[in-house]
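# Architecture and fold: a report
Take a look at the letters that make up each chain.
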Amino acid sequence: MATTISMARLAIIRTRLDPNHFQKQPFNLNRPSLSSTRYTSPSQFRLYCTNNSPHTYTATKTETTKAVIEELYENNAVAAEDTVDEKFDWYAEWYPVAPVCDLDKKVPHGMMIMGMELVIWWDRNDEEWRVFEDSCPHRLAPLSEGRIDKWGRLQCVYHGWCFNGSGSCKLIPQAPIDATPVHTSKKACVASYPCTVQHDILWFWPNSDPKYRDIVTKKQPPYIPELDDPSYTRSMGIRDFPYGYEVLVENIMDPAHVHYAHYGLMPPMPVDKTRPNADREGGRPLDFSVEKIEKNGFSGKQPGGYNKFMPPCVFYMAPNKFANSEDTSASISEKDAEKEQERRLLIFICIPVSPGKCRALWIFPRNFMLWLDNIIPRWVFHVVHNLVLDSDLNLLHVEERRLLQKGGKWQKGYYMPTKSDAMVVAFRKWLDKYAGEGVDWGNKFVATQLPPTPRRDMLFDRYWSHVVNCTSCSKAYKGLKVAQTVLQISSLALIGVVALVKQKSLVFATALICFAVSKLLSSFISKHFHFHDYNHAHV
């Protein structure tokens, strides 16, 4: 008995993003625009889905099911046109280090990015941030454990060697003053990496070759105009995660998971009563399309908005500029534009750390209620953000390991037959075609060797993954700990003087209140600054 199966082949929507919206001139002159080359036929770029197709095929049930599943599986969302085989160079890009507001100028900071151990410090002599290799050339001690001396030099605390802003050694205390100046040897220098500040974020170039010293004059970090627009807020957050860069990027490109993995934490989606057996989360088909994949990334369109991936780090999501408009080509900077609607953007900057570890820097600019950021401290927003980030943390940690168990090939490990996964598939295809299927760790790591899974409280740790690296949360943590201690001492002191006062009941009640508040404060600190588990079955 014949069965009719429908399958849609949807041509790309030619997203008309203004390339100047994301890249300053003239630095993008040598970078091809994502909108400069377009497909001329649906066969060159297509999306597959299982509903509402104008094409029909007739076959036996077994043959049809097998053929359709195989085609959906192999050609899921994006079929990129064959182009010149260009390779993405992971070490010829800018990487974000941290928001400048979270870097203390008085001390050096240790950090790992792209498997590279780095020390970040403030050179007060030249009034610039410096990014060095975190290794003293003497005996390889970490310079991030050192200090900045009274002359503004970075000092290794193991034997006192000192380095200036260019990485040159200026002092070896153990060397005789009247002997050959051994500190001038090239072997005494520390590798210094180019760095720059853009959008109040410190970026570094992961190549210390002298020819890249002035690389910032030729190529800048990705430019996002809203982050330079005073009519937008730009409060930032940063956190480390126990899963890899590839899984992080997949997750932020996947909106379909939001109302499931973050249920109860995000605004609910109205239930579609026209769908049979509609679930509480309001799941429904999501119509995504993806622009041509190129070495320099790709852009996409979704209902009510658009997005752009600027490799290796930046993923930008924005609503359409004008209400009731499908045109995404309008630039924010247009002087003759109509009054702008209220807009909230989602910007995630994804940082490879090492296999099985990554770091995310998030910014949610908005052009309304700017006063809110002046009233509510940044750490309060981070408490909410971390609740959301925790709710799918274990899912992603396990997902990465299970994919590796299946050989690490997403085509075999994943089954993604719907258009809601279009961006995920586009990212994976970009990795395969241009980026060597994943982060290039050089000879520092073996990509298939992930760190062991820690205890659950360590997996969900917030203190070491976020609090210590965030100035706002660190100050709040210290302040709350002081308040907790004061309340505990006050409670004990009041109990101790009960016998010496006439209003014993009032003093005793006050002592009990202080004790109770200290316990509540202790629970709040533990839950929001250390460890907060998330059980989906109880939500």
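Scroll up to find the structure.
Residues numbered from 1 in each chain as written. Predicted model: local features only at pLDDT ≥ 70, side-chain atom pairs only at ≥ 80, totals over all residues. Heavy atoms only, no water.

Further remarks concern the packing of helix α10 (residues 471–496) against helix α11 (residues 504–529). In the contact formed by α10 and α11, the axes pass within 8 Å of each other and the chain directions differ by 155 degrees. In terms of axis orientation, α10 runs roughly antiparallel to α11. Classified by chirality, the crossing of α11 by α10 is left-handed. Class assignment of the residues belonging to the contact of α10 with α11 gives a composition of 17 nonpolar, 7 polar and 1 charged. (Axes fitted to C-alpha atoms, helices over the stretch in contact; angles between N-to-C directions. Helix = DSSP H or I, 4+ residues; strand = E, 2+ residues; numbered from the N terminus. Parallel < 35°, antiparallel > 145°, perpendicular 65-115°, else oblique. Left-handed = near helix turned anticlockwise from the far one by under 90°. Nonpolar A, V, L, I, M, F, W, Y, C, P; charged D, E, K, R; others polar.)

Right, let's talk about the sheet that holds strand β5 (residues 109–113) for a bit. With antiparallel pairing, 4 strands are arranged side by side in an open sheet as β5-β6-β7-β12. The strands lining the two open edges of the sheet, one partner per strand, are β5 and β12 (192–193). Pairing of strand β6 (residues 116–123) with strand β7 (residues 128–133) involves 6 bridges; the strand directions are antiparallel. The residue bridging Trp122 from the neighbouring strand is Trp129, located in β7. (Pairing = 2+ DSSP bridges.)

What follows covers the sheet that holds strand β4 (residues 95–99). Whenever strands of a sheet pair, they do so through backbone hydrogen bonds, lying parallel or antiparallel. On the basis of which strands lie adjacent, the open sheet formed by 3 strands has the order β4-β14-β13 and antiparallel pairing. Both edges of this open sheet fall to β4 and β13 (195–198), since each of them pairs with a single strand only. Averaged over all adjacent pairs, the angle separating strand axes in this sheet is 30 degrees, with direction ignored. As defined by bridge partners, β13 adjoins strand β14 (residues 201–204) across 4 bridges and the pair is classed as antiparallel. If you follow Thr196 over to β14, its bridge partner there is Trp203.

Take the pattern of salt bridges next. Summed over all chains, the structure comprises 19 salt bridges. For the salt bridge of Glu128 with Arg130, the shortest nitrogen-to-oxygen distance reads 3.2 Å. The residue Arg462 makes a salt bridge to Asp390 at a minimum N-O spacing of 2.8 Å. Residue Arg462 is found in the loop between α9 (456–459) and α10, and its partner Asp390 is found in helix α5 (residues 378–391); the two are separated by 72 residues along the sequence. Per residue, the accessibility class of Arg462 equals that of Asp390, and both read buried. Each of Asp123, Asp126, Glu128 and Arg130 takes part in one network of salt bridges that share partners. (Salt bridge = Lys/Arg side-chain N within 4 Å of Asp/Glu carboxyl O. Buried < 20%, exposed > 50% of the residue type's maximum accessible area, 1.4 Å probe, protein only.)

In this section: the side chain of Arg462. Taking the relative accessible area as the measure of exposure, Arg462 reaches 0% and is therefore buried. With residues near it in sequence (within four places) discarded, Arg462 still touches Arg239, Val383, Asn386, Leu387, Asp390, Val467, Lys527, His528, Phe529, His530 and His532. (Contact = heavy atoms within 4.5 Å.)

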